[in-house]
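# Summary of the model geometry
Residues per chain, in single letters:
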Amino acid sequence: VRAACNAYQKAHSALPTWWMPRLAIVRCGRITGVPNADLLEHAEFAVKARPQIAITHTEYGAVLEEAGRKAEAANAYQAALRIDVRRFDARIRLGILLADLGQHQAAKRHLEIIVRFRPREMRVLLALAESHEGLGELSKAESTYQNLAQKTLYPAQGLARLIKFYERHGMAKKSSKAKKRFKSRFPNQ
């Protein structure tokens, strides 16, 4: 990956006004841990140079989000979705971000779309469960936490979150039953 990043840096040096290597620098930089401050200029350039391309908004949003500029990030993800409603990466990031911001109704709309196509996506199911819970939709939250425990690649984490959900809402019998299931399925944890 670092070799590819270096190649994009060289392309940018040779053609500093071309947006494509700048976008690639952002993508590589996020993978390799380049500080956001170094990536922000490239992301801004790419989105201004090609505002009609959804990926420029998605990558800009990711850099903004990682910099803690969450409201601006949400706007960038929404811009990406206005251009291309099929941008799952933008929709996932937006849904999770909105859930983190406590905007559960808006988050739920985006996350439910993703779950239809990716029913095993742990971070999406978790954000959806939290949104249901935040909206007081406890039966939907419980069902989503159960899916998290059954369908994802990390069933121990899903089951642990289901147990915490039961405990938060005073569901002692269900919590006890889930704890027994956890101990039998994951005796070493």
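Rules used throughout
- Per chain, the residues get numbers from 1 upward, laid out in the order the sequence is written.
- Residue-level local features of this predicted model are given only where pLDDT is at least 70; pairs of side-chain atoms are given and counted only at 80 or more, and the full residue set underlies all totals for whole chains, interfaces and linings.
- The basis for every side-chain value is the complete set of non-hydrogen atoms in the structure, without hydrogens or water.
- Per the convention used, a helix needs a DSSP run of H or I reaching at least four residues, while a strand needs a run of E reaching at least two, with both numbered from the N terminus.
- Expected span, for any helix, means 1.5 Å times one less than how many residues it has.
- Burial status follows relative accessibility: with a 1.4 Å probe on protein chains alone, a residue under 20% of its type maximum counts as buried, one over 50% as exposed, and anything between as partly exposed.
- Residues count as neighbours in contact if any of their non-hydrogen atoms are within 4.5 Å of one another.
- Note on terminology: a nonpolar core comprises buried Ala, Val, Leu, Ile, Met, Phe, Trp, Tyr and Cys residues joined through side-chain atoms within 4.5 Å.
- Two aromatic rings from Phe, Tyr or Trp, using only the six-membered ring of Trp, form a pair when their centres are within 6.5 Å; if the ring planes differ by under 30 degrees the pair is stacked, by over 60 it is edge-to-face, and anything between is tilted.

Between the first and last C-alpha of helix 5 (residues 70-83) there are 20 Å, a value that for 14 residues agrees with the 20 Å anticipated at 1.5 Å per step. Here helix 5 has its buried residues at A73, A74, A76, Y77, A79, A80 and L81. Where helix 5 is buried, its residues contact helix 4 (54-66), helix 6 (88-100) and helix 7 (104-117).

Counting residues in hydrophobic clusters, the biggest one holds 50 residues, and the most contacted among them are Y60, L111, Y145 and L159. Dropping the residues within four chain positions of it, L111 is found in contact with G95, I96, V124, A127, L128 and S131.

The next thing to look at is the packing of aromatic side chains. By the definition in use, this model includes 4 aromatic pairs. For the pair Y145 and F165, a centre-to-centre distance of 5.1 Å together with 35 degrees between the ring planes defines the contact as tilted. With a gap of 20 residues between them, Y145 in helix 9 (residues 138-151) and F165 in helix 10 (residues 155-168) connect regions that are remote in the sequence. F165 carries the same exposure label as Y145, and that label is buried. A ring pair is formed by F182 and F186, whose centres lie 5.3 Å apart and whose planes are at 55 degrees; its orientation type is tilted. In this structure F182 comes out as buried when scored by relative accessible area, which is 15%.

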